[in-house]
Structure formats: structure tokens, C-alpha cells
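For reference, the chains in residue letters:
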Amino acid sequence: MKIIENVFVVPGVVANPYILVDVDGLTVIDTGIPKSEKKILDYVTSLGKSAGEVKRIILTHSDFDHVGALSALQKATGARTYASKIEADAIAKGKPSRLIKSSGFSMRRFFLKL
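Throughout what follows, the structure given in this document is the object of discussion. These numbers were taken from a predicted model, which means no experiment stands behind them.

1. Overview of the packing of helix H1 (residues 37-46) against helix H3 (residues 70-77)
Look at H1 against H3: their axes get within 9 Å of each other, and the N-to-C directions meet at 40°. For the element pair H1 / H3, the angle class is oblique. On H3, the residues that touch Glu37, Ile40 and Leu41 of H1 are Ala72, Leu73, Ala76 and Thr77. Here the residues of the contact of H1 with H3 sort into 5 nonpolar, 1 polar and 1 charged.

2. Points about H1
Along H1, the positions that sit buried rather than exposed are Ile40, Leu41, Tyr43 and Val44. All buried residues of H1 lie within an arc of 155° about the axis, which places them on one face of the element. Opposite the packed face of H1, turned more than 90 degrees from it, sit the exposed residues Lys38, Thr45 and Ser46. Contacts from the buried residues of H1 go to strand E1 (2-4), strand E2 (7-9), strand E3 (18-22), strand E4 (25-29), strand E5 (54-58) and H3. Positioned one or two residues after H1, Gly48 has a phi angle of 80°, which is positive.

Reading guide: rules and limits
- Residues numbered from 1 in each chain as written.
- Predicted model: local features only at pLDDT ≥ 70, side-chain atom pairs only at ≥ 80, totals over all residues.
- Heavy atoms only, no water.
- Axes fitted to C-alpha atoms, helices over the stretch in contact; angles between N-to-C directions.
- Helix = DSSP H or I, 4+ residues; strand = E, 2+ residues; numbered from the N terminus.
- Parallel < 35°, antiparallel > 145°, perpendicular 65-115°, else oblique.
- Contact = heavy atoms within 4.5 Å.
- Nonpolar A, V, L, I, M, F, W, Y, C, P; charged D, E, K, R; others polar.
- Buried < 20%, exposed > 50% of the residue type's maximum accessible area, 1.4 Å probe, protein only.
- Arc of directions from axis to C-beta.

Encoded structure:
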């Protein structure tokens, strides 16, 4: 789905991966859960582009729903991956960089702590 000129969000993929179309190739931002690479690459094709035109993968953070298809997408595209040092270290360890509580986030609890 087109967001603005040269910026697209891949529909139907958890964590909303984005594709940026630039003169020197494509950039994918986040990769979704495992097996999302097919939907991402199908969307690349729908833009009239090929997997080989994906030059960069940028990861916003190391949560499972953002890096799940990273390995498969790297293999399919040969793209270089970018992430902050904290996130890169977490990805290398196969663990998220932060602990997410299963109870969810409560604004009430947040404001009570301030």
C-alpha cells in the first residue's frame, strides 16, 4: 500500500514492514514474523522490482515480529542489514533487547510511577 511517493507498507505482514524505493535500490524496514519474506518479496515484485534490487534491511528493534524473516530475506536478496549496536547484539544472541511483560502495558501504572 502506497504511503507517499516511493514509500510503501507491505499489507498483511505483522509489524508493518515498509519498502523505500530509491534510485540505488530498495530498503526494507523490519521483516515481520518468520515466513513473512514471501509476502515482502511478492510485494517487491508487485512494484515491478526484483529481490536483487533490495539493497538494505533496516531493523528498528529486535522483537520477534520485526526480525523473524530477517535470515530468509537476507538469503533471498543479499541485502546488507542495519541496526543499532544494542539491537544488533540482541539479534546476534537471538533474543530481544528488552523484556516485554506478558501482562501488557498499562498507562495507569505508567503515570502512577511518575
